[in-house]
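# Structural features, examined
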Amino acid sequence: MEHPGTLVLIMALAVLAPLLGYATGRWLPVPVVIFEIVLGVLAGPDVLGWAHHDQVIDTLSDLGLSMLIFLAGYEIRFAEVRGDTLRRAGGAWVLSFAVGLGVALLLSGADLAKSLVIGTALTSTALGAVLPILRDSGRLEGRFGSVVMAFGSVGEFGPIIAMALLFSGRSPGAASAVLAVFAIVTAGAVFWAMRPRPPWFARIIAVTLHSSGQFAVRFVMLLLAGMLGLAHVFGLDTLLGAFAAGMLTRLVLQGAVPERSDAILERVEAIGFGFLVPFFYIVTGIDFDLAALLDGGRPLLLLPVFLLLFLLVRGVPAYLLAPRDLTGRAPRAALGLFSSTCLPLVVAITAIGLDEKVIGAGEAAALVAAAMVSVLVFPLLAFRLLRREEDGGGGAVPGRTAETGEAW
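Residues numbered from 1 in each chain as written. Predicted model: local features only at pLDDT ≥ 70, side-chain atom pairs only at ≥ 80, totals over all residues. Heavy atoms only, no water.

### A closer look at the side chain of Lys114
The line we're drawing: Each helix is a run of DSSP H or I of at least 4 residues and each strand a run of E of at least 2, with the numbering of both proceeding from the N terminus. Residue exposure (1.4 Å probe, protein chains only): buried if accessible area is under 20% of the type maximum, exposed if over 50%, otherwise partly exposed. The term polar contact refers here to a pair of N or O atoms within 3.5 Å; inside protein, the definition further demands a hydrogen-donor-capable atom paired with an acceptor-capable atom, and it admits residues adjacent in sequence only when both atoms are side-chain atoms. By definition in these notes, contact holds between two residues if any of their heavy atoms fall within 4.5 Å.
With respect to the secondary-structure elements, Lys114 resides in helix 5 (residues 112-121). Owing to a relative accessible area of 17%, Lys114 belongs among the buried residues under this scheme. At 3.2 Å, the side chain of Lys114 forms a polar contact with the side chain of Glu363. For Lys114, the contacting residues outside a window of four places in its chain are Ser108, Val358, Ile359 and Glu363.

Set out below in structure tokens:
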């Protein structure tokens, strides 16, 4: 390790972030991720210059992003995310992609390569950031949480598929063929995951769950590593493998040990949210090009433009195509705001754009900064709308399951 001090610094910032979140929570509920990124910016080369890159730091950051997408994939509940709501969520994302690509073509002067990067970034939803916020507020269970999960799942899966097709360096036909083969292999893994597990599988999970063996956690990590490796073999973005691994893990655990799946998830989340995920967000702050953003001119002006576009491109289609039983303007508007909340995939997509030299540092910084603001502002506005609706007694309470909702 070339810079062990940076590792210690990042972990110290990871400890400081929730302390700051707790201290400010009584006045303004700020997501911890915001503090993690801001602290990373302060420690980065454009401010204090304390943090330095090496291969270990970069690897841990990549694992953090993979773990974040893995946990988002795990949160998809197949018994709930289907039917008319899933079709509406898919339609909303396709509409978002079409509008986002059109807007990006106007912004970039019809530069197709740059437009694909910007347009795809505008369609993403930070399901990994939204779900913990909803869970902490008690709104994840019930009809509203299920709808947000469906729209957020498509908002993560859609851009990941688009990245695999558009940013792989292959022709569209070759990329589609490779993606189809990966989908077939993944479908085979899903079929295997849904088969009953032998009795010894549940027994060894129960025996080792509270011991140093931790068979279940090691098995989950094997699934994650296997799907990441499979995506790499096919030349696809590893985020696709991480998302698929999360879905597979839920199927395996719910089918084999449903009574212990929550306890296993708690241990996996401890690895993710306790170590790897904050590592990714802090390194994102360290890598953030603050100088390019504050250099004046176009990048700084693009920040509010991109923030508004996140809302218009992603939020408006979600509002328009929200399920019929999500009654009232407030829940539909809240769905649009949560769908417009983005960050992890924006970071990944802009990083690809920078590596391919199709977008500039200023545009990438403006996109990431706007995504950071979306994580801070949009959930707060959504909760305010929901509280106002509940206090006024109008519409269904989003935290409860609607009695007249569709059959899932």
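Next, the rest of the story.
### Side note on the packing of helix 10 (residues 215-233) against helix 12 (residues 261-287)
We count it as follows: In this analysis an axis means a line fitted to C-alpha atoms, helices contributing only their contacting stretch, and an angle means the value between N-to-C directions, from 0 to 180 degrees. Angular relationships are summarised with four words: roughly parallel below 35 degrees, roughly antiparallel beyond 145, roughly perpendicular across 65 to 115, and oblique for the angles in between. For a crossing to be left-handed, the near helix must be turned anticlockwise from the far one by less than a right angle; the clockwise case is right-handed. Three classes are used, and their members are as follows: Ala, Val, Leu, Ile, Met, Phe, Trp, Tyr, Cys and Pro are nonpolar, Asp, Glu, Lys and Arg are charged, and the others, Gly among them, are polar.
The N-to-C vectors of helix 10 and helix 12 enclose an angle of 60 degrees; their axes lie 9 Å apart at closest approach. As far as their axial angle goes, helix 12 and helix 10 are oblique. In the packing of helix 10 onto helix 12, the handedness of the crossing is right-handed. Packed against helix 10, whose contacting residues are Ala216, Val217, Val220 and Met221, the element helix 12 presents Ile264, Arg267, Val268 and Ile271 at the interface. Broken down by class, the residue content of the contact of helix 10 with helix 12 amounts to 7 nonpolar, no polar and 1 charged.

### With respect to the nonpolar core
What counts here: Nine residue types can take part in a nonpolar core, namely buried Ala, Val, Leu, Ile, Met, Phe, Trp, Tyr and Cys, and a core is a set of them joined through side-chain atoms within 4.5 Å.
Ranked by internal contacts, the top residues of the largest apolar core, which has 127 residues, are Leu236, Ile264, Phe306, Phe310, Phe338 and Leu343. Among the elements that take part in this core, helix 17 (residues 361-392) stands out by supplying 14 residues, more than any other. Excluding residues that lie within four positions of it along the chain, Phe310 makes contacts with Ala121, Leu122, Gly315, Ser340, Cys342, Val346, Leu367, Ala370, Ala371 and Phe378.

### Some thoughts on the packing of aromatic side chains
The cut-off we apply is this: Working definition: a ring pair exists when centres of Phe, Tyr or Trp rings (six-membered ring for Trp) sit within 6.5 Å. Plane angles under 30 degrees give stacked, over 60 give edge-to-face, the rest tilted.
This model, assessed by the stated rule, comprises 10 aromatic pairs. Judged by centre distance (5.1 Å) and plane angle (50 degrees), the rings of Phe280 and Tyr281 are tilted. Looking at Tyr281, the relative accessible area reads 4%, which means it is buried. Both rings, one in Phe338 and one in Phe383, keep their centres 5.5 Å apart while their planes meet at 75 degrees; by these two values the pair is edge-to-face. Here Phe338 is found in helix 15 (residues 329-340), whereas its partner Phe383 is found in helix 17, with 45 residues between them in sequence. Considered together, Phe338 and Phe383 belong to a single accessibility category, that of buried residues. Cluster of aromatic residues (ring-pair linked, three or more members): Trp200, Phe201, Phe215 and Phe219.

### Description of a nonpolar patch on the surface
We apply this condition: Candidates for patches are residues over 30% relative accessible area with no salt bridge; among them, like charges are joined within 9 Å and nonpolar side chains (Val, Leu, Ile, Met, Phe, Trp, Tyr) within 5 Å. Per-residue and other accessible areas were derived by the Shrake-Rupley procedure at a 1.4 Å probe size, with only the shown protein chains allowed to occlude residues. Salt-bridge detection follows one rule: a side-chain nitrogen of Lys or Arg within 4 Å of a carboxyl oxygen of Asp or Glu.
Taken together, Val38, Leu42, Val47, Leu48 and Trp50 make up a surface patch of nonpolar side chains, about 450 Å² in accessible area. Structurally, Trp50 is set in the loop between helix 2 (32-43) and helix 3 (55-74).

### A look at helix 1 (residues 4-25)
This is how the line gets drawn: The span one expects for a helix is its residue count, reduced by one, times 1.5 Å. It is the directions from the helix axis to the C-beta atoms that the arc portrays.
Along its 22 residues, helix 1 runs 32 Å from first to last C-alpha, staying within 8% of the 32 Å computed at 1.5 Å per residue. Thr6, Leu9, Ile10, Leu13, Ala14, Ala17 and Gly21 are the residues of helix 1 that are buried. In a view along the axis of helix 1, the buried residues occupy a sector of 150 degrees, so they form one face of it. Exposed side of helix 1, more than 90 degrees from the buried face: Val8, Val15, Leu19 and Tyr22 are the residues found there. Where helix 1 is buried, its residues meet helix 2, helix 3 and helix 12.

### Description of helix 14 (residues 298-320)
Spanning 23 residues, helix 14 covers 32 Å between terminal C-alpha atoms, matching the ideal 33 Å at 1.5 Å per step. Along helix 14, the residues that are buried comprise Pro299, Leu302, Leu303, Phe306, Leu307, Leu309, Phe310, Val313, Arg314, Gly315, Pro317 and Ala318.

### Focus: the confidence of the model for the protein chain
Rules: Per residue, pLDDT measures the predictor's confidence, with a range of 0 to 100.
With 91% of its residues at a pLDDT of at least 70, the protein chain reaches an overall mean of 82. In the predicted structure, residues 394-408 sits below a pLDDT of 50 and forms 34 contacts with residues beyond four places in sequence or in another chain.

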